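Residue-level structure breakdown
The primary structure of each chain is shown beneath.
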Amino acid sequence: MKQYLHKLFTHALLQAEISKDMVVEFRIERTRDARHGDFACNAAMVLAKAARMRPRDLAARIIEQLPTDEPSIAKVEIAGPGFINVFLTQQAYRAVIGDILTAQAAYGRSQVGAGQSVMIEFVSANPTGPLHVGHGRGAAYGAALANLLTAAGFNVHKEYYVNDAGRQMDILAVSVWLRYLELCGETVAFPSNAYQGDYVWDIAASLHREHGEALRQSANTVFKDIPADVDQGGDKELHIDALIERSQQLLGDASYRLVFQRALDVILEDIRHDLEQFGVVYEAWFSESSLSDTRAMDQLKAAGHTYMQDGALWFRSSAFGDEKDRVLVRENGQFTYFASDIAYHLNKLERGFDHLINIWGADHHGYVARVKAAMMALGADAERLTVLLVQFATLYRGKERLQMSTRSGEFVTLRELREEVGRDAARFFYIQRKSEQHLNFDLELAKSNSKNNPVYYIQYAHTRIAGVFRALSETNFVWHHDKARLERLESKYEQAVLVTLSRYPEVIEMAAETYEPHQLTYYLHDLAEVFHTFYDAPGHKVLIEDDELRNARLSLMAAVQQVLRNGLTIIGVSAPEVM
RNA sequence: GCGCCCGUAGCUCAGUCGAAUAGAGCGUUGGCCUCCGGAGCCAAAGGUCACAGGUUUGAGUCCUGUCGGGCGCGCCA
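Residues numbered from 1 in each chain as written. Chains lettered and ligands numbered in written order. Predicted model: local features only at pLDDT ≥ 70, side-chain atom pairs only at ≥ 80, totals over all residues. Heavy atoms only, no water.

1. Details of the overall build of chain A
Check the secondary structure of chain A and you find 19 helices and 15 strands. Across its three principal axes, chain A shows a C-alpha extent of roughly 90 × 65 × 40 Å. Taking all 579 residues of chain A together, the buried fraction comes to 52%. For chain A, the share of sequence-separated contacts (at least 6 apart) that also reach a separation of at least 24 residues comes to 71%. Accessible surface computed for chain A: about 27100 Å², of which carbon and sulfur atoms make up 48%. Both charge centroids of chain A, one from 61 positive and one from 76 negative side chains, sit 5 Å from each other. (Helix = DSSP H or I, 4+ residues; strand = E, 2+ residues; numbered from the N terminus. Buried < 20%, exposed > 50% of the residue type's maximum accessible area, 1.4 Å probe, protein only. Contact = heavy atoms within 4.5 Å. Areas by Shrake-Rupley, 256 points an atom, 1.4 Å probe, with all protein chains shown as cover. Lys, Arg positive; Asp, Glu negative; His and termini not counted. Charge placed at Lys NZ, Arg CZ, Asp CG, Glu CD.)

2. Focus on the sheet that holds strand 13 (residues 393–397)
Reading across the sheet, the three strands line up as 14-13-15 and stay open at both edges, with mixed pairing between neighbours. The two strands at the open ends of the sheet, each matched to only one other strand, are strand 14 (400–401) and strand 15 (439–442). Pairing geometry for strand 13 and strand 15, over four bridges, is parallel. Each bridged residue has a counterpart across the sheet, and for Ala393 the counterpart in strand 15 is Leu439. The sheet contacts of helix 14 (residues 423–431) involve strand 13 and strand 15, and relative to strand 15 the element is tilted by about 155°. (Pairing = 2+ DSSP bridges. Axes fitted to C-alpha atoms, helices over the stretch in contact; angles between N-to-C directions.)

3. Overview of the pattern of salt bridges
Pairing between side chains becomes possible if they bear opposite charge and their charged atoms approach one another. Scanning the entire structure with this criterion turns up 26 salt bridges. With a closest N to O distance of 3.1 Å, Glu77 and Lys75 form a salt bridge. Between Arg351 and Glu159 there is a salt bridge; the shortest N-O distance is 2.7 Å. A residue pair is termed long-range when its members are at least 10 positions apart, and Arg351 in the loop between helix 11 (337–350) and strand 11 (355–361) and Glu159 in strand 6 (residues 155–162) qualify at 192 residues. Looking at Arg351, the relative accessible area reads 34%, which means it is partly exposed. In this structure, a network of salt bridges that share partners links the residues Arg485, Glu487, Arg488, Asp546 and Glu548. (Salt bridge = Lys/Arg side-chain N within 4 Å of Asp/Glu carboxyl O.)

4. Let's talk about the protein's contact with RNA strand B
Taken together, 67 residues sit near RNA strand B, with Arg35, Lys451, Arg464, Met510 and Asp536 positioned nearest. Backbone atoms, meaning sugar and phosphate, make up 66% of the atoms of RNA strand B lying within 4 Å of the protein. Side-chain polar atom of His36 to a base nitrogen of RNA strand B: 3.4 Å apart, as the coordinates give it. The contact in question runs from a base oxygen of RNA strand B to an N or O atom on the backbone of Glu331, over 2.6 Å. Class assignment for the residues of the surface near RNA strand B results in 21 nonpolar, 21 polar and 25 charged. (Near = heavy atom within 4 Å. Polar contact = N/O pair within 3.5 Å; in protein donor to acceptor, adjacent residues only side chain to side chain. Nonpolar A, V, L, I, M, F, W, Y, C, P; charged D, E, K, R; others polar.)

5. With respect to empty space enclosed by the protein
Enumeration according to the criterion identifies one cavity of 30 Å³ or more in this entry. By volume, the largest cavity amounts to about 50 Å³. Surrounding the largest cavity, Arg137, Tyr141, Tyr430, Ile431, Arg433, Lys434, Ser435, Tyr515, Glu516, Pro517 and His518 form its lining. Counting residues per element, the ones that place at least two in the lining of the largest cavity are helix 5 (133–151) and helix 14. Looking at the lining of the largest cavity residue by residue, the class counts come to five nonpolar, two polar and four charged. (1 Å grid on protein atoms, 1.4 Å probe; cavity = no way out; pocket = protein on both sides within 12 Å on 5 of 7 lines; lining within 4 Å. Points joined across faces, edges and corners; volume = space filled by probe spheres on them.)

6. With respect to the nonpolar core
Core analysis: the biggest nonpolar cluster contains 153 residues, and Ile120, Leu417, Tyr430, Phe441 and Leu501 have the highest contact counts within it. Of all the elements, helix 9 (residues 236–277) adds the most residues to this core, at 14 residues. With residues near it in sequence (within four places) discarded, Tyr430 still touches Val133, Gly136, Arg137, Ala140, Phe278, Ala393, Leu414, Leu417, Leu439 and Phe441. (Core = buried A, V, L, I, M, F, W, Y, C linked by side-chain atoms within 4.5 Å.)

7. A few points about the packing of aromatic side chains
All chains considered together, the criterion is met by 22 aromatic pairs. Ring geometry for Tyr160 and Tyr282: centres 5.5 Å apart, planes at 85°, overall edge-to-face. You can see Tyr160 sitting in strand 6 and its partner Tyr282 sitting in the loop between helix 9 and strand 7 (284–287), a full 122 residues away along the chain. Across the pair, Tyr282 and Tyr160 agree in class, each one buried. For the pair Phe531 and Tyr535, a centre-to-centre distance of 5.5 Å together with 35° between the ring planes defines the contact as tilted. One end of the pair, Phe531, and the other, Tyr535, are both in helix 18 (residues 518–536), four residues apart, so they sit about a helical turn from each other. A relative accessible area of 27% means that Tyr535 is categorised as partly exposed. In this structure, Arg179 packs its charged tip against the face of Phe190, placed 3.5 Å from the ring centre. In this arrangement the basic side chain of Arg427 is found over the ring face of Phe278, its NZ or CZ atom lying 5.5 Å from the centre. (Phe/Tyr/Trp six-rings, centres within 6.5 Å; stacked < 30°, edge-to-face > 60°. Lys NZ or Arg CZ within 6 Å of the ring centre and 35° of its normal.)

8. Let's talk about unusual backbone geometry
Despite not being glycine, Ala114 shows a phi value in the positive range, around 50°. As for its placement among the helices and strands, Ala114 is situated in the loop between helix 4 (90–103) and strand 5 (117–121). Look at Ala114 and you get exposed, because its relative accessible area is 60%. Phi at Ser124 takes a positive value of approximately 45°, unusual for a residue other than glycine.

9. Thoughts on the side chain of Thr31
Its location among the elements puts Thr31 in the loop between strand 1 (28–30) and strand 2 (39–41). In terms of polar contacts, Thr31 uses its side chain to reach the backbone carbonyl oxygen of Gly37, at 2.6 Å. Leaving out residues up to four positions away in the same chain, Thr31 has contacts with His36, Gly37, Asp38, Phe39 and Ala40.

10. What about the packing of helix 18 against helix 19 (residues 547–571)?
Where helix 18 contacts helix 19, the axes come no closer than 10 Å and their chain directions differ by 155°. The pairing of helix 18 with helix 19 is recorded here as roughly antiparallel in orientation. The way helix 18 lies across helix 19 gives a crossing that is left-handed. Touching Leu520, Thr521, Tyr523, Leu524, Leu527, Phe531, Phe534 and Tyr535 of helix 18 are Arg553, Leu556, Met557, Val560, Val563, Leu564, Gly567, Leu568, Ile570 and Ile571, all from helix 19. For the contact of helix 18 with helix 19, the per-class residue count stands at 15 nonpolar, two polar and one charged. (Parallel < 35°, antiparallel > 145°, perpendicular 65-115°, else oblique. Left-handed = near helix turned anticlockwise from the far one by under 90°.)

11. Considering helix 5
When the terminal C-alpha atoms of helix 5 are compared, their 27 Å separation across 19 residues agrees well with the 27 Å that a helix rising 1.5 Å per residue should span. Following helix 5 by one or two positions, Gly153 has its phi on the positive side, about 95°. (Expected span 1.5 Å × (residues − 1).)

12. As for the sheet that holds strand 8 (residues 306–309)
In space, the three strands of this open sheet follow the order 8-9-10, with antiparallel pairing throughout. This sheet does not close on itself; its edge strands, each paired only once, are strand 8 and strand 10 (326–329). For this sheet, the mean angle separating the axes of adjacent strands, direction not counted, is 45°. Across three bridges, the pairing between strand 9 (residues 312–315) and strand 10 is antiparallel. Following the sheet pairing, Leu313 is matched in strand 10 by Val329. In this fold helix 11 packs onto strand 9 and strand 10, with an angle of close to 80° to the strand it touches most, strand 10.

Listed below in C-alpha cells is the structure:
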C-alpha cells in the first residue's frame, strides 16, 4: 500500500513539473493519529524550498495531479505545515484479507532484495567447549536476520566459521590428554590455562574407553623440565605452550592427531546439535584448517602492504583507516588469528557473494577496522562487508542477577537456558531488544505463562484463533470465505485489526533493511493486542447465526492467524494450535 | 588518554534515512467472567527524551561539547 501510494505521488509530482532537476526524496508514512488519515506525505515540505513555493500551496498543486478515480483513496487533505494526508477507503483495507488468505505463507514477502546474495556468518564460537548464553543471542539474531532477509527477497547463505586450527585447539587437546592421564591413574597438576570444564573429562573418558592405556605416559615424563605454571610463580602461557610441544613429541603425530580430532569432533557435534535444537541451521560449516594456502598474505605482500619488524610480519592496516598496524605472523612463526581471518574473508569474496554480514560480540568491535582494512588492501570494496555487533545478555532470575564466569568452567550454557525456559521464549527474548543494546534476560519472566510474557501473549492469540476454528467444527456452522461480506467488518476493533494486518509487509521490509528483527517482535505484539481487543470486545462474538458477518469475522481471524504464523516463523518461535 | 556503543515513565525498552499532542510492557490503582480459551479485556496515574549549545519551517532523532554507564585499545582468540 505504502509503495503504491509512493508511486502515485511520484507520478503526480512529475505531472506537476515542480522542479526539473529534483531527485525526490519524499516519504509516505503511516500516521500516528487517525485524524490525520492513514498515510501522510511530506513531499510538499521537502520540496518547498526548491520549488520556491509555500508548502501548503505546493501541496495543493500536487493534489491536483493525483488521480480522482483511485478506488483505494477516500480523500486527501492538506494539514499542518504542509502534510498531504491520505484517507484510504474501507475497500482498500478489506482487500488485505483476501491478499493474506491467497498468499498465505508468502504474505509479507517482498522483492527489495532482488535476489542478491548475502552471506551471514554468525556464532562461529571456538570449538573448545559448549555454547554459552552469550552465543545464544548471536545465534537467535543471526537466524532471525537470515529469515528476514530471505523474506525480503535476498538469497541468503548462513555459515559457521570453525576455528579448528590454532593454539586454543591445541590447548584443548592437551587438556583432554591430561584428563585422560588422570583417568589412567597419573597424578597431574592441571594447568591453570587449560580448559577446566566437565566436558573435558567426558571426552577423555571416551578416549580411555576406546583406547585403554595406549596413550598413557607417566606424569613425570610429561612435566619434566616444563616451565612453572603461574601458581608456582611462573607464566601460564609459557607453561601451556611447553606442554603442547611436549604432548606432540611424546604422542607423535598420529596419536596427537587422534586426541585433537576426538576433542574437536565431540565438541563440534555438540555445538551443531545444540544449535539445531535451538532451530538454527547452517548452509555450511567452514573449517579454518581448510584455508591452508597463504594466498591472501601473498597478495598483501606483493602489493607492498606488509613489512618485517621485530621478527614479525606486519600488515600496514593504518594505511587503510585502522588505528595501527597489525601483526600477521608472530616472531615464533605462528600465524595470528587475524591472518587466518583475512584468508577467510578473501575466500568469502571469491565465492562471489554480493554482500557479507558478520555478526560478532560487541567486545570484538575493535576488530572491525582491521578486517575492513584488509579487504581494501586486497582490492575489495569494504562496503561489501557489514559487521553487526551484538551486546552481551545478562541473566536475571527475577531481581537476582546471575553471575557468569567462564573461569573454572562454570558458565550457563545455551543448553541449560533452553532447557529451563524453552526454545520459544529463548529465541524471542534474545531478539526482542535491538542487538547493540544490552539485554536483560529475566528467566522468571521468560517462563511465566501470562500476558506478562510477550511470547505467550502472542502465541495465545494464535491459539485462541485455532480454538475458535476447532469450536467451529463442532457447530453446524461452516466457514466460507467466498460468502464473507467483509464490508460488515466496520467496528473500530475490526478496523484496527485490518490496519495492523496491512502494516505487516512494511514491517518486514523495514526490519530487513535495518537488520532489526526486534521490530518484528514489537509488531507481533501489536497484532496480538488488536486481536485480543477485538475478540474480547462486546458484541464481537464470532460463531454467530449471521452468515455474512460470521464468515467475515472468520476470514479476519484466519488472516490474523496467518500473519502471526508468518512472523513467528521468521523469528524462530512456534505458532501452537493448543497451549 | 584514544576509539566504538548506550543515557527516553519507578523498572525493562520501542520510537520507521528529521514531522503533527513522545509510545508499549511490567509494576501501582480501579473496573470486567449466565457469553467462541480470563494464559484475556477496559480505565487511571506516571516524562525537562542525561545536560548545554548549534543546524532546520520543524530535533528524542542530525552536529559540537559536558556529565554518566558499558566495551575495546596484545606478536590472545
